[in-house]
Amino acid sequence: MKTSLKLSVIAITLLLLNCENKSKTVIDYKFADKETVIDCGNPDQAKLLNEALYSFEDDITQFYFKQSTNVPAAYNRFFKLAAANRVKFEEIATPHTLEIFDALKNNTDLLKDNSINYNSEIISCLSENFQYKDLKTTFHALVSTNSMDATLFYPALLPHIRNTKTDRNLGLYVALDFYYKNLKDLDPSQLGKKEETSNTGLPNKALKNAPIQKNATNQKGHEGHNH
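What comes next is a walk through the structure. This one's a predicted model, so the numbers in the text were calculated from it and none came from an experiment.

### Some points on the overall build of the protein chain
In step 1: When helices and strands are counted, the protein chain shows 11 helices and 2 strands.
In step 2: Each helix and strand of the protein chain, ordered N terminal to C terminal, gives the series α-α-α-α-α-β-β-α-α-α-α-α-α.
In step 3: Looking at the protein chain as a whole, 40% of its 227 residues are labelled buried.
In step 4: Counting only carbon and sulfur atoms, one obtains 52% of the accessible surface of the protein chain, whose full area is about 13,500 Å².

### Some thoughts on the side chain of His 160
In step 1: Tracing the backbone shows His 160 in the loop between helix 8 (150-157) and helix 9 (168-178).
In step 2: A polar contact of 3.3 Å, which involves the side chain of His 160, links it to the side chain of Asp 134.
In step 3: With residues up to four places along the chain from it excluded, the contact list for His 160 reads Tyr 132, Asp 134, Leu 135 and Leu 170.

### Some remarks on helix 3 (residues 71-83)
In step 1: Its 13 residues give helix 3 an end-to-end C-alpha distance of 18 Å, which sits within 8% of 18 Å, the value for a rise of 1.5 Å per residue.
In step 2: For helix 3, every residue scored as buried is listed here: Val 71, Ala 74, Tyr 75, Phe 78, Phe 79, Leu 81 and Ala 82. On an axial view of helix 3, the arc spanned by its buried residues comes to 165 degrees, and they lie on one face.
In step 3: Summarising the contacts, the buried residues of helix 3 are in contact with helix 2 (43-64), helix 4 (89-92), helix 8 and helix 9.
In step 4: Structurally, the start of helix 3 carries an N-cap: the backbone nitrogen of Ala 73 is 3.0 Å from a side-chain oxygen of Asn 70.
In step 5: In the stretch just after helix 3, Asn 85 is the one whose phi turns positive, near 60 degrees.

### A word on helix 6 (residues 121-128)
In step 1: Within the sequence span of helix 6, burial applies to Ile 122, Ile 123, Cys 125, Leu 126 and Ser 127.
In step 2: Elements in contact with the buried residues of helix 6: helix 2, strand 2 (115-116), helix 7 (133-144) and helix 9.

### Focus: the pattern of salt bridges
In step 1: On inspection of all chains with the given rule, the structure shows 3 salt bridges.
In step 2: Ionic pairing is found between Arg 168 and Glu 57, a salt bridge with its closest N-O pair at 2.8 Å. With a gap of 111 residues between them, Arg 168 in helix 9 and Glu 57 in helix 2 connect regions that are remote in the sequence.
In step 3: A relative accessible area of 4% means that Glu 57 is categorised as buried.
In step 4: Asp 177 is the salt-bridge partner of Lys 181, the closest N and O atoms lying 3.0 Å from each other.

### Focus on the packing of aromatic side chains
In step 1: Here the structure, examined in full by the defined rule, presents 17 aromatic pairs.
In step 2: Taking 5.7 Å as the distance between ring centres and 80 degrees as the angle between the ring planes, the aromatic pair formed by Phe 130 and Phe 139 counts as edge-to-face. The pair formed by Phe 130 and Phe 139 is uniform in burial state, with each residue classed as buried.
In step 3: Ring centres 6.3 Å apart and planes at 90 degrees place the aromatic pair Tyr 173 and Phe 178 in the edge-to-face group. Both residues of the pair, Tyr 173 and Phe 178, belong to the buried class.
In step 4: Among the aromatic side chains, those forming a connected cluster through ring pairs are Phe 79, Tyr 118, Phe 130, Phe 139, Phe 153, Tyr 154, Tyr 173 and Phe 178.

### Focus on the environment of Ala 93
In step 1: By secondary structure assignment, the location of Ala 93 is in the loop between helix 4 and helix 5 (95-107).
In step 2: Here Ala 93 falls in the buried class, since its relative accessible area comes to 5%.
In step 3: Along the backbone, Ala 93 and Asp 58 are 35 residues apart, and their C-alpha atoms lie at a distance of 9.8 Å.
In step 4: Sequence-distant contacts of Ala 93, defined by excluding residues within four places in its chain, comprise Asp 59, Tyr 179, Leu 183, Leu 186 and Leu 191.

### Thoughts on the packing of helix 6 against helix 7
In step 1: Across the interface, helix 6 lies against helix 7 with an axial gap of 9 Å and an inter-helix angle of 150 degrees. In terms of their interaxial angle, helix 6 and helix 7 are classed as roughly antiparallel. Between helix 6 and helix 7, the residues in contact are Ile 123, Ser 127 and Glu 128 and Lys 136, Phe 139 and His 140, respectively.
In step 2: Taken together, the residues of the contact of helix 6 with helix 7 sort by class into 2 nonpolar, 2 polar and 2 charged.

The rules behind the values
Residues numbered from 1 in each chain as written. Predicted model: local features only at pLDDT ≥ 70, side-chain atom pairs only at ≥ 80, totals over all residues. Heavy atoms only, no water. Helix = DSSP H or I, 4+ residues; strand = E, 2+ residues; numbered from the N terminus. Buried < 20%, exposed > 50% of the residue type's maximum accessible area, 1.4 Å probe, protein only. Areas by Shrake-Rupley, 256 points an atom, 1.4 Å probe, with all protein chains shown as cover. Polar contact = N/O pair within 3.5 Å; in protein donor to acceptor, adjacent residues only side chain to side chain. Contact = heavy atoms within 4.5 Å. Expected span 1.5 Å × (residues − 1). Arc of directions from axis to C-beta. Salt bridge = Lys/Arg side-chain N within 4 Å of Asp/Glu carboxyl O. Phe/Tyr/Trp six-rings, centres within 6.5 Å; stacked < 30°, edge-to-face > 60°. Axes fitted to C-alpha atoms, helices over the stretch in contact; angles between N-to-C directions. Parallel < 35°, antiparallel > 145°, perpendicular 65-115°, else oblique. Nonpolar A, V, L, I, M, F, W, Y, C, P; charged D, E, K, R; others polar.

As structure tokens, then:
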């Protein structure tokens, strides 16, 4: 009898562990060596949030300013395009970012019905650590009246977007509310397929002409030598 009871307990335990493991997304932490700048949630959540921030910044910087890696400029460009609903998420996002999105969705109360849960522990922690009092006050006022929405918060946030490089909690909020929540419908097989035809005129695309210019210079050199 006791043996049967023990076997039943072991079987139930293994079943629960298996279900728990299936609900979690295993990701490869590409930015684990970077400074820990977010301290919200439990240690595992904090690790995931730091990865989410750095992966977002890498995505937008590689897409908008690949050659200069200008993170503040990438924030500014992304944010203005996001406000105009002109961000091409399928071109910017990477498979690693989608893995992070799945982990955020499965392992925290941050995303509910593919929307941000502004009353979640993580968002509350981030907003409490905003460096600017006026921004914090506006955010909390909107949340307390159940009026919080990214579009309503945008005017208050716009003057501070250049400070996201120093206010890391604000940077992660921007990443979560303007980027990650919009990745829900992306097809991983379609990521980046239109990248070659986007951002005409940006520095990283213009630099593709450099080899041609170099060849032209070399050709002139040869012509001068022939003379």
